[in-house]
Amino acid sequence: QGRLVESGGSVVQAGGSLRLSCAASGGTFSSYTMGWFRQTPEKEREYVGCISRLSDNTYYLDSVKGRFTISRDAAKNTVYLQMNSLKPEDTAVYYCAASTRPAAISTRAAAYVYWGQGTQITVSS
């Protein structure tokens, strides 16, 4: 049974940076597209971005392009979300997820089969 565990959530001031980690275990996650989503009580779960299984392609939500970077370390079975220039509207619970589909078409939550428990990011103004 695959398992994903996020860490790194915190409270940060606007303009600051955070790096989230997602540790995978119990499955061959090196063969999965890995994605990040976020959710607030007011909105549905929103796609943030994803990285292909070989790390040769990344895709991002337009509002985070140039600020967020997704990477993965196959040896550690870990995926990262580096977030810079954070804004109050980035406040949300962030989830990592694993998809069996190619990264280019893994922009919807329905494409993902494994999910982490989420980690809270709060950006204060």
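So, a few notes on the structure that sits alongside this text. Per chain, residue numbering runs from 1 following the sequence as it is written. Local features in a predicted model are, by the rule used here, given only for residues with pLDDT of at least 70; side-chain atom pairs are given and counted only at 80 or more, and totals for whole chains, interfaces and linings are based on all residues. Neither water nor hydrogens contribute to the side-chain values; these are computed over all heavy atoms in the structure.

Our focus in this paragraph is the side chain of Glu-6. Only DSSP runs of H or I covering at least 4 residues are called helices, and only runs of E covering at least 2 are called strands; the numbering of each starts at the N terminus. Structurally, Glu-6 can be placed in strand S1 (residues 3–7). Despite its burial, Glu-6 pairs with no opposite charge, the nearest such side chain being Arg-45 at 7.5 Å. Nitrogen and oxygen atoms within 3.5 Å of one another constitute a polar contact, given that in protein one can donate a hydrogen and the other can accept it, and given that sequence-neighbouring residues count only through two side-chain atoms. A distance of 3.0 Å separates a polar atom in the side chain of Glu-6 from the backbone nitrogen of Gln-117. Among the polar contacts made by the side chain of Glu-6, one reaches the main-chain amide nitrogen of Gly-118 at a distance of 2.9 Å. Two residues qualify as a contact provided that any one of their heavy atoms is within 4.5 Å of a heavy atom in the partner residue. Not counting chain neighbours up to four residues away, the residues in contact with Glu-6 comprise Ser-21, Cys-22, Trp-36, Tyr-94, Tyr-95, Cys-96, Gly-116, Gln-117, Gly-118 and Thr-119. Accessible area is worked out with a 1.4 Å probe on protein chains only. A residue is then buried under 20% of its type maximum, exposed over 50%, and partly exposed in between. In this tally, Asp and Glu contribute negative charge and Lys and Arg positive charge; neither His nor the terminal groups of the chain are included. Any carboxyl oxygen of Asp or Glu that lies within 4 Å of a side-chain nitrogen of Lys or Arg is treated as forming a salt bridge with it.

Attention shifts here to the state of the cysteines. The criterion for a disulfide is a pair of cysteine sulfur atoms lying within 2.5 Å. Going through the model one piece at a time under the given rule, you end up with 1 disulfide. Paired through a disulfide, Cys-22 and Cys-96 show a sulfur-sulfur distance of 2.0 Å. The S-S bond linking Cys-22 to Cys-96 shows a torsion near 55°; that makes this disulfide right-handed. Here Cys-96 lies in strand S9 (residues 92–99) and Cys-22 lies in strand S3 (residues 18–25), a separation of 74 residues in the sequence. We note that Cys-22, like Cys-96, is buried. You can see Cys-50 has no disulfide; the closest cysteine sulfur is in Cys-96, sitting 13 Å from it.

So, about the sheet that holds strand S7 (residues 68–73). When DSSP locates at least two bridges between a pair of strands, those strands are taken to pair. One open sheet holds the 4 strands; their spatial order is S1-S3-S8-S7, and the pairing between them is antiparallel. Pairing within the sheet leaves two strands with one partner each, and these edge strands are S1 and S7. If you compare each strand with its neighbour and ignore which way they point, the axes differ by 15° on average. Two strands pair when backbone bridges link them, and S3 and strand S8 (residues 78–83) are joined in this way by 6 bridges, in the antiparallel orientation. Paired with Cys-22 across the bridge in S8 is Val-79. Every angle, taken between N-to-C directions, lies between 0 and 180 degrees, and every axis is a line fitted to C-alpha atoms, over only the stretch in contact when it is a helix.

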